[in-house]
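Coordinate analysis (summary)
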Amino acid sequence: MTDTRNHDDHDGLDSSVASLPSASKVRETISRINEPQSRETNLTNLVSLGSIEGIASFLQTNPSCGLCSSSISQRRSLYGCNALPSSPRKTWFQLFVDSFDDETVQILIAAAIVSLLVGIYDDPTTGYVEGCAILAAVLVVSIVTACNDYQKETQFRALSKANDDVQVLVKRDNRIVSIPIDEIVLGDVICVEAGDSIPCDGLLVKADSLSIDESALTGEPMDVEKNLVHDPFVLSGCIATAGTAEFLAIAVGKDSQWGIIKAHLEKEQDQTPLQEKLDHMAQVIGYVGMAAAAATFLAMMFIYCVVQPEYLKDTSFFAHALDAFIIGVTIVVVAVPEGLPLAVTIALAYSTKKMLRDKNLIRHLAACETMGNATNICSDKTGTLTENRMTVVKGIFANVRQEDTAPESNTVLDRGINGAAREIILQGIATCSTARILPKVQPQDLASGEDWDNRTHVVGNKTEGALLILAQSAFMGGDDYETRRARAQFGLPGGSRLFPFSSKRKRMSVLIKESTEENGGRNEWTLYHKGAGEIVLENCSSYLDKDGSILPMTPEKKREFEEIISSFASQALRCVALAHRPNIHNVIDPDTCTEDDCASKCEKEMTLDALVGIVDPLRGDVVEAVKTCQKAGIFVRMVTGDNLETANAIAKQAGILTKGGLSMVGEDFRKLTPAQLDEILPRLQVLARSSPEDKHILVERLNGGLMPKTKEEWLEAHPGRDWDKEKDLLLPGYYDEWAKSRNGVGEVVGVTGDGTNDGPALKAADVGLSMGISGTDVAKNASDIIIMDDKFSSIVKAVLWGRSVFDNIRKFLQFQLTVNVVALTITFLSAIAGYRPPLNAVMMLWVNLIMDTMGALALGTEPPASNLLGRRPYRRDASLINLPMWRNILAQASYQLGLLIFLLQKGPEIFGCDSGSTHHFTIIFNAFVFCQVFNEFNAREIGDVFNPFKNLCQSPMFLAVIMFTIFAQWVIVEFGGDFTQTRPLTFEEWKVTLMLGAVSIPVGFVMRLIPVNENPESFAGLETEESLVPVKKASSPLTVFVLPVAAAILYKVMFD
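Residues numbered from 1 in each chain as written. Predicted model: local features only at pLDDT ≥ 70, side-chain atom pairs only at ≥ 80, totals over all residues. Heavy atoms only, no water.

1. Section: the pattern of salt bridges
If you walk through the whole model with that rule in mind, you get 32 salt bridges. Its salt-bridge partner being Glu-246, residue Lys-171 comes within 3.1 Å of it at the nearest N-O pair. In this pair, Lys-171 is assigned in strand β1 (residues 167-172) and Glu-246 in strand β7 (residues 239-251), connecting sequence segments 75 residues apart. Comparing Lys-171 with Glu-246, the two get one shared label, buried. Close ionic contact of Lys-558 with Glu-538 constitutes a salt bridge, the shortest N to O distance being 3.4 Å. Pair noted here: Lys-558 is in helix α19 (residues 555-570) and Glu-538 is in helix α18 (residues 533-538), with a separation of 20 residues, a long-range link. On the accessibility criterion, Lys-558 (22% relative accessible area) is partly exposed. (Salt bridge = Lys/Arg side-chain N within 4 Å of Asp/Glu carboxyl O. Helix = DSSP H or I, 4+ residues; strand = E, 2+ residues; numbered from the N terminus. Buried < 20%, exposed > 50% of the residue type's maximum accessible area, 1.4 Å probe, protein only.)

2. Examining the sheet that holds strand β26 (residues 785-787)
Hydrogen bonds along the backbone pair up the strands of a sheet, which may run parallel or antiparallel. Strand order in the open sheet formed by eight strands is β8-β26-β25-β24-β9-β21-β23-β22, with mixed pairing between adjacent strands. Where the open sheet ends on each side, the last strands, each with one partner, are β8 (360-362) and β22 (662-665). Strand-to-strand, the axes of this sheet are offset by a mean angle of 20 degrees, without reference to chain direction. (Pairing = 2+ DSSP bridges. Axes fitted to C-alpha atoms, helices over the stretch in contact; angles between N-to-C directions.)

3. Quick notes on unusual backbone geometry
Put simply, Leu-731 and Pro-732 share a cis peptide bond, and its omega is 5 degrees. Topologically, Pro-732 is positioned in the loop between α27 (723-726) and α28 (735-741). Positive phi values are uncommon outside glycine, yet Ser-51 reaches one of about 60 degrees. As for its placement among the helices and strands, Ser-51 is situated in helix α4 (residues 51-58). A positive phi angle is found at Asn-399, which is not glycine, with a value near 70 degrees. Relative to the elements of secondary structure, Asn-399 occurs in the loop between β10 (391-397) and β11 (400-402).

4. Section: the packing of aromatic side chains
Within a pair of aromatic rings, the relevant descriptors are the distance that separates the centres and the angle that separates the planes. Applying the stated criterion across every chain yields a total of 18 aromatic pairs. With a centroid separation of 5.9 Å and 75 degrees between ring planes, the pair formed by Tyr-543 and Phe-561 is classed as edge-to-face. Linking Tyr-543 in strand β17 (residues 540-544) with Phe-561 in helix α19, this pair joins segments that are 18 residues apart in sequence. The class for Tyr-543 is buried, based on a relative accessible area of 10%. Here the aromatic cluster, defined as three or more aromatic residues joined through ring pairs, consists of Trp-92, Phe-93, Phe-96 and Phe-100. Positioned above the aromatic ring of Phe-635 is the side chain of Arg-637, whose terminal nitrogen or guanidinium carbon lies 4.0 Å from the ring centre. (Phe/Tyr/Trp six-rings, centres within 6.5 Å; stacked < 30°, edge-to-face > 60°. Lys NZ or Arg CZ within 6 Å of the ring centre and 35° of its normal.)

5. Here's the deal with the nonpolar core
If you look at the biggest cluster of nonpolar residues, it comprises 118 residues, and the most contacted ones within it are Met-371, Met-638, Ile-656, Phe-792, Phe-925 and Phe-928. With 17 residues, helix α31 (residues 792-832) is the single largest residue contributor to this core. (Core = buried A, V, L, I, M, F, W, Y, C linked by side-chain atoms within 4.5 Å.)

6. With respect to the confidence of the model for the protein
Should pLDDT be low for a region, the predicted coordinates there are not to be read in detail. Confidence in the prediction for the protein averages 82 pLDDT; 83% of positions are at 70 or higher. Below a pLDDT of 50 lies the segment residues 1-18, which in the model reaches 34 contacts outside its immediate sequence neighbourhood of four places, other chains included. In the model, residues 1050-1056 has pLDDT below 50 throughout and makes nine contacts with residues more than four positions away in sequence or in other chains. (pLDDT = per-residue confidence, 0-100. Contact = heavy atoms within 4.5 Å.)

7. Here's the deal with the packing of helix α36 (residues 987-998) against helix α37 (residues 1000-1007)
Close contact between α36 and α37 brings their axes to 5 Å; oriented N to C, the two are set at 15 degrees. In this view, α36 runs roughly parallel relative to α37, as classed from their interaxial angle. Residue-level contacts link Leu-996, Gly-997 and Ala-998 of α36 to Ser-1000, Ile-1001 and Pro-1002 of α37. Taken together, the residues of the contact of α36 with α37 break down into four nonpolar, two polar and no charged. (Parallel < 35°, antiparallel > 145°, perpendicular 65-115°, else oblique. Nonpolar A, V, L, I, M, F, W, Y, C, P; charged D, E, K, R; others polar.)

8. Thoughts on helix α21 (residues 622-631)
For α21, the set of buried residues is Val-622, Ala-625, Val-626 and Cys-629. With its buried residues spanning 100 degrees around the axis, α21 presents them on a single face. Seen from the buried face of α21, the exposed residues on the opposite side, beyond 90 degrees, are Glu-624 and Lys-627. Where α21 ends, the next residue or the one after it, Gly-633, has phi of about 85 degrees, a positive value. (Arc of directions from axis to C-beta.)

9. Quick word on the pairing of β10
Along any regular strand the residues' side chains alternate between the sheet's two faces. With five of seven residues buried, β10 is to be regarded as a mostly interior element. Across six bridges, the pairing between β10 and strand β20 (residues 606-615) is antiparallel. Of the residues in β20, the one forming a bridge with Thr-391 is Val-615. Pairing geometry for β10 and β11, over three bridges, is antiparallel.

10. Notes on helix α35 (residues 956-975)
Taking 1.5 Å of rise per residue, the 20 residues of α35 would be expected to cover 28 Å, and the 28 Å separating its terminal C-alpha atoms lies within 8% of that figure. All buried positions along α35 are accounted for by Phe-958, Val-961, Ile-962, Thr-965, Ala-968, Gln-969, Ile-972, Val-973 and Glu-974. One or two positions beyond α35, positive phi appears at Gly-977, with a value near 60 degrees. (Expected span 1.5 Å × (residues − 1).)

Following this line, the structure appears as structure tokens:
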């Protein structure tokens, strides 16, 4: 890029950097022109301070060239940088204290204290043990809970920081550079255009048709027009909705308007739909647990008062009642599955961290799980399916056809195009654009001989960037577009006008003030226009010839151009037309005209200057990614602004447009009735020449999320229309009609978008996916997931991780409900059978820790399996627990209950211990815990596939949890003593109880032979051949080997 720095200006600034005003003086001065909601006062004070020039002089910056790099560090140390304050986080100790807010835990603590006091009174020597043991167990649970909450908060803040990590364009050393938003300093000159967020408070130094949405600060929904005279103030946190501008940073970071507000905000993490669903399930299970606790308490008291067994002879009524109460409360603690929401949190935290590595930045946690059951993906073409590396490969320049623009030896001048014609084309390319070309900077830490990407970097619209690269190429003579733009003086009073590209209009225009010797130095205005080939051609009445002359557009010539456009489209080339119209000052007043005036009065009777064919190659991974989505039951649609032929060509290459599929243009789409659209939706694969409103309507019709629900809402969406006559004729329809047509259950829709106008569709979608590279700030703020590399394959990874989260929660649910059923039932049965409950309060709290925190860690962090994409997505209303899961839960619970009852009755005889003794109950406790350890392996699969040891090396957290559980169990049994009411076991007893627990593995194999299939009605999405056939994979060779060996060992242990 040409360096046009004004060294004299910057030398002057460099010498004065040492005398920068103090921070207090700057804050005092800037506060006079940056009072919230005080535009008139601020404007008056600005004039008194010497207007924008006075502020620039005060801050010692140059609005034309920007800051000197040498002053940045001093400014940062004096005034701070643009890092916004974050709300203070809770310390670990505060979270630890908060963990005691649970009422059940408080009751248990109170009961433990009573038990402690009574125990000390009855037996001062050892009476304190049970009460202290329960308190210690509660303490451990609270510590683990605090650690989990602290980790969750750390994860959330890390994701928030990644979400805030955006790049902005600033002027430094008289060149445009891209820097992170938090590196902006006071005095920087920032460049913004439509769709960008305003990163700090500032004063405009240039503005062209700039409108800003200030609702984030003021609450006013109307866009505010900004200019250098009446309202030059821009505020951080707002969004530029139209136009382009450059502004001077006057308040950054915590001193900006948004920084002041954010300092008082406490951002909470919202609950996801799955968390809410699990909270409800946990509540229901808790009620069952309370009923079981009450029944156990009553049974124990009945046995004491009526049955009066031998082992209770020496126990007082109060002591037994207290013991029964503690057991009851402990049952509630065990039954209430706090681990369910914890498992979701862990699974989401783990997945979002891993997804960031896969180039998916999760802005809203709910999107992670929702994406797993997406049934439709409405994808953009440019940058998502294609590489977004636009290159002009052929074209018609001043009526001269050029099949290849790459060879340097073949320039426009060689093709007979004279200087006048070339000047018109280059002026149109340079000025009718807001894109910029930045050279790639070689990394400072690059190793010797290491390759680096030294290609030019396009900032802004990539199509415009392709034209700028063409203008700089040898073919066009190496033009300097920056000099042309500088001469146009965009955004300055009396300068040229710019109306940026609109995805709704598919074109843009500029009004250039030109003064040349040929016109005697008079100011003349010329319209330069750029847009979609066929749209621009319709508004051209003449064309530019190679000698610079203007020739009339005859029907034959127009037909020739139309055939060229069609030819480009059939080759999957984007066709862009350049046109101009001189002397438009005779038609309108260029200084005061609006975009609507320009469109209606100037954008007609134009001269066609060039037609260019731009290639944007399909991404190498797209074909496979689309195929994977379709195999996973996801309907992929392409929604693009390109013409129909180009869209169809790309869609066929990508595998989106298939045999029997339908493609149509937005103009025809808008004419459909809701019933007609519903009829073609199962076949509609390509929507071309679509507007953002078309995409929004399509999403609404698919998921019904923002469908008008009342007559008033419908009339608001369709002003001036007749509800009674047209409610069934106009898209998107209304909610009652929509719900009736699909039984109230809509599709789960993911939508990609990168432009400002995509915001409504991204909001309407169940999951909005914005592009991290090409997306505007508006699109990113409206989205749920930011695709950091703009690749469609990254969207497939988001689906995979979403399904993994859903399945991991189901695995944990299957594991926990098994423990719940067994623990509650055995405690209740032993109580009514006249036995002392074999699992005391400390034992049950340890089991609670295993199944809640340990189980959530082990099963919530399982990595995704590729076969998750071999099934269809689940319906919105599908149950969390399916029939195969119930089969697995009941089978494992039956085995464990049978084992514990057997040990309760026959254990003393087999192991040679007293019935009801500490030794007896330690054996039962040990067998029960090992049943959970081995059932955790079973829980890794929720369907008919039996492969409990599959990919264990890829699940380090699972292995760590299993090893910790076994070690902790050994410590509790061997060294717990009176504290846990256990006694050390012999090696044989350890071996037998471990093998009894290991029987859970073969039980897992046998139970999967029971023919129970998932309800086909639970699924949604495409019915592919793969998804219609139930997947039952053969067991691995390892499993086939392990089962008979385990059976033989078990036989030897039990009967030798």
